[in-house]
Amino acid sequence: MPPSVPSLPRRLARTLRTSLFAQVTCALVLGIVVGKLWPDTATALQPLGDGFTRLIKTVISPLVFCVVVVGIAKAGDLKAFGRIGVKALIWFEIASTAALVIGLVAANVVGPGKGMNVDPSSLNTAAVDETTGGGHLPTTTEFVLNALPQSFIGAFAENELLQVLILACLVGAALLHLGHTKVPKILPAIEQAQDIIFAVVGFIMRLAPLAVFGAMAHLVGNYGLGVMRTYAKLIVLCYVAAALFVALLAVALKLVTGLSLWKFLRYIREEMLLALGTASTESVMPRVMQKLRRAGARDDAVGLVLPTGYSFNLDGASLYLSIGTLFIAQAVGVDLSLGQQVTVVLVLMLTSKGMAGIPGSAFLALSATASSLGAIPAGAVALLLGVDRIMDSMRVVTNLLGNCVAVFAVSRWEGALDTDRAKKVLDGEDVSAPDDGEKGLGGEKGPRGETGTEALAPGIPAQKPKELKEPAPEAG
């Protein structure tokens, strides 16, 4: 007899039980419904999203440290790691500048703020101070000093990714310098710690639907859907410009690596939906790192490019800042010349760096840009208070995709990308984990089946296996 086909309700129940994507989608829709119908109750659900983000943040720093140290040690070439860093910064600057230019061109063509005729003196600038907490963007000197750790433990305790990256580079370089014979147990221990952290991430991810439900319900309950009608032109422009930039990323990825961005989107659809729901790219960093490694990007490239991109490659934020600056100018009736708009690009190229983790950083960057021009009242940034949270989804998606494309592109540029493996993974083929059969340590099989006979990395001497002595022939 042919096997019975499960009924539709059973198939849906099984999908909902086994698919994180289905769970997060349902939570997203449910959060919107609850936020619309019961806004007062919905605003109290924010701790669900905040709690999940806190749990994820606890594992980001140790995970980045482990991945970078292992990546440097296995690559065995600190100079190659330095080249990856330089190439990443070049890519970041090109991508973020392209985002700024696209934003300026789009705002000039559409003119989202034209005809509003807003009187800046009528705006509540105190709300901006409340959002930013009275903070300020760091100067170049402050930014560089803040990237240097004051203590080993402090960098992890304060979740300062750039400081953790520097520590990881130092530890990885020390491992290469000392060699496997002097510290034979350190690298396997770090690899095991990395496996444990990924397992913890798996446990935390089970709470993702609750986080998305709470965050979305709070957003809709607190801001409502009416703000979308008020700022419809600006919102549509930002999302269309972001779509154009993502299409540009897809072309760049195809030209540089031969990979399809749309297949990659399908590959990380769960992480993308979670980032959308929680309005945070940090909530998905561990999972995205894991998936990039599985898709053929080498550990050292993933460990350096992705975390650094969280501070230096905020493409979505750059797009929003350029559009937002022109929107404010148009709304208050200021016509910026071409020279002033070039100044906007140059200022935002600096102010958009290091924004991650600073409360109200978008408003701080906009205020700094307005002050540098001298033509726009700094208090006019209050115009964007009502719509800023709605833009989070656009910024999150664009930032995340921009950094993932940067990982693939820089990896390919440096020869640290297994393109064949990447294509198989993105096509949905079942491919073994990247570390399978490639450890070459502690008696485990290396790339050619040897057990511990190869060097850990260039410059680290190999440990030869002890020769087995032949038994002495018996007398007589």
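Residues numbered from 1 in each chain as written. Predicted model: local features only at pLDDT ≥ 70, side-chain atom pairs only at ≥ 80, totals over all residues. Heavy atoms only, no water.

This brings us to the environment of Ser411. The residue Ser411 is located in helix H21 (residues 392–414) in this model. Taking the C-alpha atoms as reference points, Ser411 and Asp300, separated by 111 residues in sequence, lie 9.1 Å from one another. Among residues more than four places away in sequence, those in contact with Ser411 are Ala297, Ala301, Ala416 and Leu417. (Helix = DSSP H or I, 4+ residues; strand = E, 2+ residues; numbered from the N terminus. Contact = heavy atoms within 4.5 Å.)

So, on to the nonpolar core. Counting residues in hydrophobic clusters, the biggest one holds 139 residues, and the most contacted among them are Val64, Leu234, Leu261, Phe264 and Leu292. A per-element tally of this core places helix H4 (residues 46–75) first, with 14 residues. Setting aside chain neighbours within four positions, we find Leu292 in contact with Phe264, Ala297, Val302, Leu306, Cys404, Val407 and Phe408. (Core = buried A, V, L, I, M, F, W, Y, C linked by side-chain atoms within 4.5 Å. Buried < 20%, exposed > 50% of the residue type's maximum accessible area, 1.4 Å probe, protein only.)

As enumerated under the stated definition, the model contains five aromatic pairs in all. Ring geometry for Phe152 and Phe156: centres 5.8 Å apart, planes at 25 degrees, overall stacked. Pair noted here: Phe152 and Phe156 are both in helix H8 (residues 152–157), with a separation of four residues, about one helical turn. By relative accessible area, Phe156 is classed as partly exposed at 22%. An aromatic cluster of at least three residues, connected via ring pairs, comprises Phe65, Phe152 and Phe156. Here the guanidinium or amino end of Arg395 rests over the ring plane of Tyr320, the centre of that ring lying 4.6 Å away. (Phe/Tyr/Trp six-rings, centres within 6.5 Å; stacked < 30°, edge-to-face > 60°. Lys NZ or Arg CZ within 6 Å of the ring centre and 35° of its normal.)

Another aspect to go through is the confidence of the model for the chain. Of the residues in the chain, 77% reach a pLDDT of 70 or more, and the chain-wide mean stands at 77. A low-confidence stretch, residues 436–476 stays under pLDDT 50, and its non-local contacts, those more than four residues away or across chains, total 51 contacts. (pLDDT = per-residue confidence, 0-100.)

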